Amino acid sequence: MLLTLLGFGLRVFRLGNQSFWIDEVSSIMAAQGPVKGIYQRSVLAANSLPTYFLMLKPFVAESGPNLEFRARLLSAIAGALSVPVFVGLIYLWRRRRG
């Protein structure tokens, strides 16, 4: 738990400090559109499934301050949750070998 919180803190530190990259702008534009049009826009933006854009929609539903931070927060959460998954996989691997 402590490692996960530490990983989240490191990912969130200065998260909104840089300006947007081109792919982030495309993702935000796809997520801010109507739900019916997310599939078509996701194909144009990233040629991928619309799942990420549907999950991103609540974070970027409205423009405003800290949009960079809010747009990158979903990825930071996913990255922080990868820490316990990795620790669990290593634990299972070591248990099997030992």
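Residues numbered from 1 in each chain as written. Predicted model: local features only at pLDDT ≥ 70, side-chain atom pairs only at ≥ 80, totals over all residues. Heavy atoms only, no water.

A.B. asks: I'd like to hear about the packing of aromatic side chains, residue by residue, with values.
C.D. replies: Enumeration according to the criterion identifies 1 aromatic pair in this entry. Look at Y52 and F53: their rings are 5.6 Å apart centre to centre, the planes differ by 75 degrees, and that puts the pair in the edge-to-face class. By relative accessible area, F53 is classed as buried at 2%. (Phe/Tyr/Trp six-rings, centres within 6.5 Å; stacked < 30°, edge-to-face > 60°. Buried < 20%, exposed > 50% of the residue type's maximum accessible area, 1.4 Å probe, protein only.)

A.B. asks: Give a detailed account of the environment of W93, specifying residues and quantitative values.
C.D. replies: Within the element layout of this structure, W93 appears in helix α5 (residues 67-97). Put simply, W93 and W21 are 72 residues apart on the chain and 38 Å apart in space, counted from C-alpha to C-alpha. (Helix = DSSP H or I, 4+ residues; strand = E, 2+ residues; numbered from the N terminus.)

A.B. asks: Describe the layout of surface pockets, listing the residues and the values that go with them.
C.D. replies: Looking at the largest pocket, its volume works out to about 210 Å³. Lining of the largest pocket is provided by R11, L15, D23, E24, S27, I28, Y52, L56, A71, R72, S75 and A76. Of all the elements in the fold, those that place two or more residues in the lining of the largest pocket are α2 (22-32), α4 (51-56) and α5. For the lining of the largest pocket, the class distribution of residues is 6 nonpolar, 2 polar and 4 charged. (1 Å grid on protein atoms, 1.4 Å probe; cavity = no way out; pocket = protein on both sides within 12 Å on 5 of 7 lines; lining within 4 Å. Points joined across faces, edges and corners; volume = space filled by probe spheres on them. Nonpolar A, V, L, I, M, F, W, Y, C, P; charged D, E, K, R; others polar.)

Purely spatial values, then, with no claim about function.
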